Structure formats: structure tokens, C-alpha cells
Amino acid sequence: MTTRFAPSPTGRLHIGHAWSALFGSVLARTRHDDFLLRIEDIDIGRCRPEYITGIFEDLEWMGMEWPVPARRQSEHFVDYHNALRTLNARGLLYPCFCTRKEIADEAERSITAPHGPEGALYAGSCRGLSKAEQERRIAAGEPYAMRLNVKKAMEMSPVLTWVDIYRGSQKATPEILGDVILSRKGVSASYHLCVVVDDHIQGVTLVTRGDDLFYASHLHRLLQHLLRFNPPDWAHHPLLLDTEGKRFAKRNDSVTLQHLRNEGKTPHDIIQMIREGLPSNGPWQRLLMHF
Ligand code: GLU
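Residues numbered from 1 in each chain as written. Predicted model: local features only at pLDDT ≥ 70, side-chain atom pairs only at ≥ 80, totals over all residues. Heavy atoms only, no water.

This part takes up the state of the cysteines. For the coordinates displayed, the defined rule picks out 0 disulfides. In this structure Cys96 is a free cysteine whose sulfur lies 4.0 Å from that of Cys98, the closest cysteine sulfur available. As a non-bridged cysteine, Cys126 has Cys98 as the owner of its nearest cysteine sulfur, 3.7 Å distant. (Disulfide = S-S within 2.5 Å.)

In C-alpha cells, the structure reads:
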């Protein structure tokens, strides 16, 4: 069995990340699973090498261990492009030429536009374009993204379920995210696609991550089915909140592990701070006793 922590190196790790990393590592320890670290640096424009070094430095300081080298997404585009090709060959992707502005305007125009956890859902303007029209616009050099036709994908799939070990069995409802982008100019493979491919390739059997990505698991379950991957289980943890009840942000420098360390805090202090930020009920407090 294998769990993982998969940060994106777009800033220094903060105390919320420390909780997420500890969660994956402690769950692995208590279940005698392996724990992996993966660097999600697919968005080359936003990720920086010094933040990758920072991740290693901070997690080592916390006393964590993982097999080295940690997988880095930017070294595995071939795997993601193969998965895209598989989905495309099954007729499940379509090019979308809409700009962000056009999508926002469209959502604005129809006040009843359905909303998902990430905002207004894509209305599907490019879903019905003819093959000839798609080819003409691509040949003319118009930038485009590749979207998943979720309705078609669901029609081709049985009713899918997935298991969160704390919340039980869930019926997959990937339509809450609409026709997500799986590839676009600049970022040729999206988070949703890469995470599913990597967890499969790395043999992750328990996906450990924050509640903010709970909704994404519905889509990931569908992608796993379409790509014929065995589904893992999931364990989503509550997000750590500050004293005002807000989540920690990468741009808030004062809660980075680097800053706290420089202030003289010890890993033990960090665990105490995490304990204080977590809900007092639930299995969370007990988990931290194992660290
Ligand atoms: N890379 C994602 C992030 O930093 C987490 C991905 C995951 O755990 O599935 O938010």
C-alpha cells in the first residue's frame, strides 16, 4: 500500500502543507504503507527550482523520509501525452478555442449558468463544432485547449463509485466540474490528468490530500475508468485554519516552515501548532500522536 504528498513548487511550504505531508506520512506509518513525495511542477511558468529545494529542506527538517529521487512531473510529459492520446482516440476530447474572457462573458450573460466548485462551468460553446471547423481553426493557428467531453465520457461508463476511508463510499459526479481542460497552450497536461496518471504509475493505493480537492476526486475516478487504471482509495483531511478561521496561503510568508524555523520553532512546535488548528473531533488529533 502506498500514500503520497504531492506539492506544487510555486512557493515555500507553509504549515498547512506540513499538516498534509504529515497526514500522508503518518497514515502510511500506521498502516505499514510506503510514503512517496512527488513534485507537481507541470506548470513550468509558475514553478521554481528553489522551491523544490525548499520542499526537500523543510520536509527533512520535519523528520520525514521518502524514496529518492522524488518523481518530478516535468520529466514525464510523455506519460501524460500518451494518456491524452488514449482519451482522444476514444473521441472523448475536443478542442476549445474560447478565451478566458469569452468564457467569463458567456457565464455573465446567462445568470442561471451552472456553477461548480471552481466557479462558472464551461458552457460548452466549442463542443458542437464540426470536424471541418475544428481543423480549419487549428490550421489557421488559433490557440486552443483540449477539453474532456464529460457527458459523453459518462455515457460510455457505468455508474462509478469511490471510497474515502473517512467518509465512506461516494457516487462519482464528475459533471460538477463540467468539461475540464486537460491540456492547453503553455501547460500541455493539466493537474487533473497528471495526478491520475502519476498515482497509477507510482502504485499509489491511498490518495492522501486536503478537503479542498475532494470534489476533484469525482473527476479523477472517471479518468481512471477511462484510462483503465485500478482506482485507489482516498483519504481527504480537513484544512488547517488560522486563528481567524482562514486557510493558510503561500503568499503569507509568516507561516512558511522556513520562517518558523528561522524564528526558532522546532518540528515539535509545528506539530503543536497543527494540533491547535485542527478540529478537535475526528481522527486527526489521534493521528498526530503517531509522529
Ligand atoms: N499539487 C497539488 C497542490 O499542491 C496537490 C495534488 C494532490 O494532492 O492531488 O495543491
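On we go.
Cis geometry marks the peptide bond from Val68 to Pro69; its omega dihedral reads -5 degrees. As for its placement among the helices and strands, Pro69 is situated in the loop between helix H2 (49-61) and strand E3 (71-72). Not every positive phi belongs to a glycine, and His32 is a case in point at roughly 60 degrees. Along the chain, His32 turns up in the loop between helix H1 (15-31) and strand E2 (34-39). (Helix = DSSP H or I, 4+ residues; strand = E, 2+ residues; numbered from the N terminus.)

We now examine the site of the ligand. As a matter of local geometry, the ligand sits amid Arg4, Ala6, Pro7, Ser8, Glu40, Tyr191, Val195, Arg209 and Leu213. Within the side chain of Ser8, a nitrogen or oxygen atom sits 3.0 Å from a nitrogen atom of the ligand. Take Tyr191: an N or O atom from its side chain is 2.9 Å from an oxygen atom of the ligand. Starting from 300 Å² of accessible surface for the ligand in isolation, the protein chains cover 78%. (Near = heavy atom within 4 Å. Polar contact = N/O pair within 3.5 Å; in protein donor to acceptor, adjacent residues only side chain to side chain. Areas by Shrake-Rupley, 256 points an atom, 1.4 Å probe, with all protein chains shown as cover.)

The 3 strands lie next to each other as E4-E7-E10, forming an open sheet whose pairing is antiparallel. Edge positions in the open sheet fall to strand E4 (93-96) and strand E10 (181-183), since each of these has one partner strand only. Neighbour to neighbour, the strand axes of the sheet diverge by 45 degrees on average, direction disregarded. With 2 bridges joining them, strand E7 (residues 145-148) and E10 adopt antiparallel strand pairing. (Pairing = 2+ DSSP bridges. Axes fitted to C-alpha atoms, helices over the stretch in contact; angles between N-to-C directions.)

Quantified by volume, the second largest pocket comes out at close to 240 Å³. What lines the second largest pocket is a set of 15 residues, among which Leu93, Tyr94, Pro95, Lys131 and Gln134 lie closest to the centre. Contributing elements (two or more residues each) for the lining of the second largest pocket: E4 and helix H5 (131-139). If you tally residues by element for the lining of the second largest pocket, the top one is H5, at 4 residues. Of the residues that constitute the lining of the second largest pocket, the class distribution is 7 nonpolar, 4 polar and 4 charged. (1 Å grid on protein atoms, 1.4 Å probe; cavity = no way out; pocket = protein on both sides within 12 Å on 5 of 7 lines; lining within 4 Å. Points joined across faces, edges and corners; volume = space filled by probe spheres on them. Nonpolar A, V, L, I, M, F, W, Y, C, P; charged D, E, K, R; others polar.)

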